[in-house]
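These are the residues of each chain, in order.
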Amino acid sequence: MTADPRDPGAGQGPALSIVVVSHKRPSELALCLLSLEQQTHPRFEVILVADGGSIDIRPDLPLKRIRFDTPNISLARNAGIAAAAGPVVAFIDDDATAEPGWAEALAASFADDRVIAATGRTRGPDGLRWQVTAERVTPSGTTYPITVKGPALLGVEGGCPVGTVGTNCAFRRSALTEIGGFDPAFTYFLDESDVNMRLARRFPTGLTAIVPKAQVVHGVAAAAVRLRGGVPLDLTTIGRSAAIFAARHGGHLDDLRRYQKLRVMRQMVAGRIDPSQIAPILRTLEQGIASVRTPNPPPSGWSEPPPPEFLPMPARPRKPELHLAGWHWHAATLRRQAAQAVTEGQVARILLLTPSFLPHRRALTPQGWWEQHGGLWGASQPGDSALMMMPRGQRIRREMGIYAEINASDGPFDARPNENPSG
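Cut-offs used in this document
- Residues numbered from 1 in each chain as written.
- Predicted model: local features only at pLDDT ≥ 70, side-chain atom pairs only at ≥ 80, totals over all residues.
- Heavy atoms only, no water.
- Buried < 20%, exposed > 50% of the residue type's maximum accessible area, 1.4 Å probe, protein only.
- Helix = DSSP H or I, 4+ residues; strand = E, 2+ residues; numbered from the N terminus.
- Pairing = 2+ DSSP bridges.
- Salt bridge = Lys/Arg side-chain N within 4 Å of Asp/Glu carboxyl O.
- UniProt positions renumbered as here; feature names shortened; annotations may be inferred.
- Domains from an automatic or database assignment.
- Axes fitted to C-alpha atoms, helices over the stretch in contact; angles between N-to-C directions.
- Parallel < 35°, antiparallel > 145°, perpendicular 65-115°, else oblique.
- Contact = heavy atoms within 4.5 Å.
- Nonpolar A, V, L, I, M, F, W, Y, C, P; charged D, E, K, R; others polar.
- Phe/Tyr/Trp six-rings, centres within 6.5 Å; stacked < 30°, edge-to-face > 60°.

(A) Here's a closer look at the pairing of strand 6 (residues 115–123). The element strand 6 is extensively covered by neighbouring structure, given that eight of its nine residues are classed as buried. Here strand 6 runs beside strand 12 (residues 207–218); their pairing, made up of seven bridges, is parallel. Within the sheet, the bridge partner assigned to Thr119 lies in strand 12 and is Ile210. Bridge count between strand 6 and strand 11 (residues 169–172): three bridges; the pairing is antiparallel. Considered in strand 11, the bridge of Thr119 is made with Cys169. With two bridges connecting them, strand 6 and strand 7 (residues 130–132) associate as antiparallel partners. Bridged to Thr122 within strand 7 is Val132.

Given below as structure tokens:
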């Protein structure tokens, strides 16, 4: 008898179908899948939508595999939704890694029937500093950060829904199919923001959960239109997507132009692009905007057949995490301990310190443990000064507190949170 994916266990929310779209990033994809192996949620499936060179990666994992060679994130996500048998569909990018409690934290928010979408917090490529915590999306496609104290359920405010970051989000499958899924007109930019706006219009009383414990590390890998680290090469698609979005949702493009110019200038100041490249890159933005000459109506419905049977990932035993710390010259010993813990199904984290002022970085290693390294006196968290003077024992306790925070319960959701614009 097949178990019902709607009932994975009391208090842990519904089952999840996790969709990973990948296009020619096999090494990043391997790490992403490794992080999904470590998820604590008792019932979830993984749907891999990938190009021919990556679709057969990790043959030992029971994945629903969909070969997809077209570089269109919306079409690929729709293929994933069509194969999703869970009542909730989550999305993570192939260049991101999820903390072990990510899936469980997202799923828990859908125990409230009013919730149609959820999003967590996303750390940047260094694995520690925040890339996005909570934000709203405007009719122009720009976003602004909001400050929310703890987990919260938010509705639309002033025509601006909560923005669900594409690499860290989940939706009720029935809500996605009712609006026709993602719009293929958005090949990769503003695709999830358009979904946020259309969901808000279709479900005006629906709520979006902001789930602080649902955390991912986003690597910002290289792509056809950018270098590693987000250095832009061509803004044509961004301009086209922004023009479609603004026309559809009643926005304007001035903010987009200012933001993209500032983005390119910052890359120049950082020495990543030459000053002579600025004007040509910005011209591609205008070319993309000018290419939109006729209205682009949103998807009108969902006509896909029912999905195939739910294909659960193997359940992991619940064990306490192993936290290890020492000087960098202790790395070999600590890594052997971490490797042994990983083989026994345990999550392991290592902190390696050097007697220096080097800033910290943290990442999931290909061997399966999380590793943080940096100077004893180096910065590691948002707001840190470049010089952090404290003894070794105190520094270890401070950094281990990050792991405790990640694993701590979010507590009850606040349906009327103290929300304020920030920054």
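(B) The pattern of salt bridges, seen in detail. This structure, assessed with the given rule, holds 25 salt bridges. Between Asp60 and Arg58 there is a salt bridge, with the nearest N and O atoms lying 2.7 Å from each other. Given a relative accessible area of 53%, Asp60 falls into the exposed group. Here Arg198 and Asp194 are joined by a salt bridge, their closest N and O atoms 2.8 Å apart. Within this pair, Arg198 and its partner Asp194 are both found in helix 5 (residues 191–202), separated by four residues, close to a single helical turn. Each member of the pair, Arg198 as well as Asp194, is classed as buried.

(C) Here's a closer look at the UniProt feature "domain: Glycosyltransferase 2-like" (unreviewed entry) in the chain. Cross-referencing UniProt, the feature "domain: Glycosyltransferase 2-like" (unreviewed entry) maps to residues 17–179 in the present numbering. Secondary structure content for residues 17–179 is 23% helix and 33% strand, and the end C-alpha separation is 18 Å.

(D) A look at the domain arrangement of the chain. Under the domain assignment used here, the chain contains domain 1 (16–226), domain 2 (235–291) and domain 3 (322–407). Inter-centroid distance (C-alpha atoms) of domain 2 to domain 3 is 38 Å.

(E) Spotlight on unusual backbone geometry. The phi dihedral of Lys24 is positive, around 60 degrees, even though this residue is not glycine. Following the sequence through the fold, Lys24 ends up in the loop between strand 1 (16–22) and helix 1 (26–37). In this structure, Leu190 is a non-glycine residue whose phi angle is positive, near 70 degrees. Of note, Leu190 is situated in the loop between helix 4 (173–178) and helix 5.

(F) Region of the structure containing the packing of helix 5 against helix 6 (residues 236–249). With their axes 11 Å apart at the nearest point, helix 5 and helix 6 run at an angle of 10 degrees to one another. Between helix 5 and helix 6, the interaxial angle falls into the category roughly parallel. Every residue of helix 6 that contacts helix 5 at Ser193, Asp194, Met197, Arg198 and Arg201 is listed here: Phe245, Arg248 and His249. Residues of the contact of helix 5 with helix 6, tallied by class, amount to two nonpolar, two polar and four charged.

(G) The arrangement of helix 3 (residues 102–109) in detail. The buried fraction of helix 3 is high, at seven of eight residues. Within helix 3, burial applies to Trp102, Ala103, Glu104, Ala105, Leu106, Ala107 and Ser109.

(H) Spatial organisation of the packing of aromatic side chains. According to the stated counting rule, one finds six aromatic pairs in the structure shown. With centroids separated by 5.4 Å and ring planes inclined at 75 degrees, the aromatic side chains of Phe91 and Phe182 adopt a geometry described as edge-to-face. Of the two residues, Phe91 is situated in strand 4 (residues 88–93) and Phe182 in the loop between helix 4 and helix 5; the sequence distance between them amounts to 91 residues. Its relative accessible area of 1% is what places Phe91 among the buried residues. Judged by its relative accessible area of 1%, Phe182 is buried. With a centroid separation of 6.4 Å and an interplanar angle of 85 degrees, the aromatic rings of Phe171 and Phe182 are classed as edge-to-face. Of this pair, Phe171 sits in strand 11 while Phe182 sits in the loop between helix 4 and helix 5, placing them 11 residues apart in sequence. The exposure classification of Phe171 matches that of Phe182, with both residues buried. Put simply, the rings of Phe91, Phe171 and Phe182 touch in pairs and so form one group of aromatic residues.

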